[in-house]
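In case you want the letters, here they are:
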Number of protein chains: 2
Amino acid sequence: MSEAISPLAVPFPAMPSIAGVTPRIARAGYKDWGRCDLTYVELAEGTAVAGVFTQNVCCSSEVELGREQVKAGRARALVVNAGNSNAFTGYRGREAVEQIMAQVSRQLGCAPGEVFVSSTGVIGVPLPKDKAQAGVAAVLQSPPCSWEDAARTIGTTDTFPKGAVAQAVVDGRTVTLAAIIKGSGMIAPDMATMLGYIFTDAAVTPGFLQELLSAANRKSFSCITVDSDTSTSDTVLAFATGKAGNAPLASFDSPGADAFAAALGDVCMQLAHLVVRDGEGAQKFIAIEVTGAVSDDSARAIGLAVANSPLVKTAIAGEDANWGRVVMAVGKAGEPADRDKLAIRFADKWVAQAGLAADSYDEAPVAAHLKGREISIGVDIGLGEGRATVWTCDLTHGYISINADYRS
Amino acid sequence: MSEAISPLAVPFPAMPSIAGVTPRIARAGYKDWGRCDLTYVELAEGTAVAGVFTQNVCCSSEVELGREQVKAGRARALVVNAGNSNAFTGYRGREAVEQIMAQVSRQLGCAPGEVFVSSTGVIGVPLPKDKAQAGVAAVLQSPPCSWEDAARTIGTTDTFPKGAVAQAVVDGRTVTLAAIIKGSGMIAPDMATMLGYIFTDAAVTPGFLQELLSAANRKSFSCITVDSDTSTSDTVLAFATGKAGNAPLASFDSPGADAFAAALGDVCMQLAHLVVRDGEGAQKFIAIEVTGAVSDDSARAIGLAVANSPLVKTAIAGEDANWGRVVMAVGKAGEPADRDKLAIRFADKWVAQAGLAADSYDEAPVAAHLKGREISIGVDIGLGEGRATVWTCDLTHGYISINADYRS
């Protein structure tokens, strides 16, 4: 964790333990820092797993292996290395991951493919096998830790630990979802770019869990951006231990499936927003709601063009109601739009309508809104029924300071 | 012009006058600033014109009208307003442009469509018709000015005036091209985003001039980016007065056409590089050469993904050889790439090859290269013969300072 905490930080929630899920942490020393950097979560036998991964074609071995592992649908453990992404490290990086999978699977008596590994940090440096081996040996002897400790340990440039919780009643039983996430920079959809882990005691078949996670991802992680850069390592995994004892959810025909899907969607949205709240250098949390596009996908593309525009993001940082930059960003999105039907609002004040400044426009309430921490921008394209909401943060000196000298 | 001059600035070149071209400047007072902000260039009868314009669908009336005007292929005058882009101003903005066209055409006795108008500055504020009228009246009475004065007057956030010159021998006669450009922020291809004007005494048919300009644009203005934002007003116009007396160039079969095309391409490249050298906050000029892609278009897309990556640009700003961020940017480009065939170099030092750090990699010479003003990054995709070079600048605190409070 960095020294300065994001002004958009929220307190870590009260998170219950999940039956069949035991987190532990240790210090592998991947970087020269005085903190734990290896997180291990043991999962009960029979745990179902689903995952979504970065679309970056230069992805890490962890992502490559993880994509294959989720197809079998079963998990017994998760290992997260912080401080080294192990991406673009060729066969050396892959050997390090396989070593961790073998070491843990021997301990648990499971198949290596049931051990999921993620790594986050600098790209291009092979994960040191000796440190990984000693770290894993240490963590297997460590006592269980809190969710907050685990959330801190998976972090890198994050300034606060991030957790989310939700419950649903399924088959007459209350099931709980507890989730942690890390992410601050190199955040752009496709999916989004971070490591997130969702644990539930619900019984869910792997296939249905994957269906639900993919759907939730489309409206949450894939609708956030900090800096338009897509990481090589992004991973969100959902683990369901089944310890709640409900009849397994296998499809939307299963009783309680809708409630569980809503809870999972809620947790994913909470996690996605937390990442934006910890966007590198972020001073403001920005929601961009696009309506009237020709399709939902088109609305999302327009929203992301606005959210990724450095000129829009710096205007918000400067608390400047420079809505012309929003017009520019809509126009460059490559999606259907008609300048003379376009309308733009800040909060609930329409600043531009029908291709020019709104007659009713009064800058005072807009300027007041822009001085706050939570900024709302609305864009109505005026062509159809497509809609999407995208979240981002402003672009500040803090982003430059953090990233102009991260590796050294 | 801003106070602090870009460290990448180059001196304004010695630029000859062009027969049939007379620039003048005046002060319309579009902003509350103590400088000229209206540029007028009178062109001899029979001048051919070609143009390329922004692809932003929220373009200004100037761009909309200009696109139609170039189809007729003839120009008698150019008017450039600085300090107000007149974009997203609906019918009011269009009326202001038509007023300028009418006022100038009455003076010259030409058709209104032969008067080209560009405007640059804040979006969303209609160009004030009274100031435009008085400014045009004043400029028509002003004495001819130097190219450097004209280059300064079309500028907004530019920190230095930008000009380029080239010559070619056509049909036994030396023809000259003189060009000026403005642009610093909201710079991204499609075409690129700035106002540029090229004047030549060569005789060229409008159709062939358009063909040559469009081709030159693809390798120059469309291969630069400062901040990935595409302006609503970008325009590059080429004017050919024919006063050199050569037999008109009508196709590549015309004698001297190749030499003229090369000179035009040279001028466009000079102008494009000047815009990058004045990129907002720029401290370093970065060339990204992509080879081995599946096509030239794919290479350009990969180059732009690298050039637009905030994490790559901040790493260069920090003089950090963080080549992992280049890997990330290649991987997110959405173009064919194979992680394990990818190679990356800084200057002539290969830092990564075949999917991992190069065995020969020595950081010392790379670190020394990164301390310079001119940075060269090479990316070899290893899949085909496609190649492209893209130019950008680094992302610094200066960009944030300039843009977090530009409008106010």
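Definitions and cut-offs
Residues numbered from 1 in each chain as written. Chains lettered and ligands numbered in written order. Predicted model: local features only at pLDDT ≥ 70, side-chain atom pairs only at ≥ 80, totals over all residues. Contact = placed C-beta atoms within 7 Å. Helix = DSSP H or I, 4+ residues; strand = E, 2+ residues; numbered from the N terminus. Nonpolar A, V, L, I, M, F, W, Y, C, P; charged D, E, K, R; others polar. Axes fitted to C-alpha atoms, helices over the stretch in contact; angles between N-to-C directions. Parallel < 35°, antiparallel > 145°, perpendicular 65-115°, else oblique. Left-handed = near helix turned anticlockwise from the far one by under 90°. Pairing = 2+ DSSP bridges.

1. Some words on the interface of chain B and chain A
Many analyses report the size of an interface as the accessible area lost when the parts associate.
Piece 1. Taken together, the 52 residues of chain B in the interface contact 53 residues of chain A.
Piece 2. Every element with two or more residues in the side of chain B that touches chain A is listed here: α2 (90-108), α8 (310-317), α9 (324-331), β12 (356-357) and α11 (397-403) of chain B.
Piece 3. Counting residues per element, the side of chain B that touches chain A draws most heavily on α9 of chain B, at five residues.
Piece 4. Considered class by class, the residues forming the side of chain B that touches chain A number 23 nonpolar, 20 polar and nine charged.

2. What to know about the packing of helix α5 (residues 206-219) of chain B against helix α6 (residues 257-277) of chain B
Residue and element names in this part refer to chain B.
Piece 1. Taken N-terminus to C-terminus, the directions of α5 and α6 make an angle of 40°; their axes are 9 Å apart at the nearest point. Between α5 and α6, the angle falls in the class oblique. Taken as a pair, α5 and α6 cross one another with a handedness that is right-handed. Contacts between α5 and α6 involve L212, L213, A216, N217 and K219 on the former and, on the latter, A261, L264, G265 and C268.
Piece 2. Split by residue class, the contact of α5 with α6 holds six nonpolar, two polar and one charged.

3. Some thoughts on the pairing of strand β13 (residues 374-380) of chain A
All names here are of chain A.
Piece 1. Inspection of the sheet shows strand β9 (residues 285-293) paired to β13 by seven bridges, in the parallel sense. Counterpart to E289 in the pairing with β13 is G378.
Piece 2. Across four bridges, strand β10 (residues 343-346) lies against β13 in antiparallel orientation. Counted as the bridge partner of F346 is I377 from β13.

4. Structural notes on the sheet that holds β9 of chain A
All names here are of chain A.
Piece 1. Strand order in the open sheet made by the six strands is β12-β11-β10-β13-β9-β14, with mixed pairing throughout. Looking at strand neighbours, the two that pair on one side only are β12 (356-357) and β14 (386-393), the edges of this open sheet.
Piece 2. With three bridges joining them, β10 and strand β11 (residues 349-353) adopt antiparallel strand pairing. Bridge assignment links F346 to a residue of β11, and that residue is K349.
Piece 3. Set on the sheet, helix α7 (residues 296-307) makes contact with β9, β13 and β14; between it and β14 the angle comes to about 25°.

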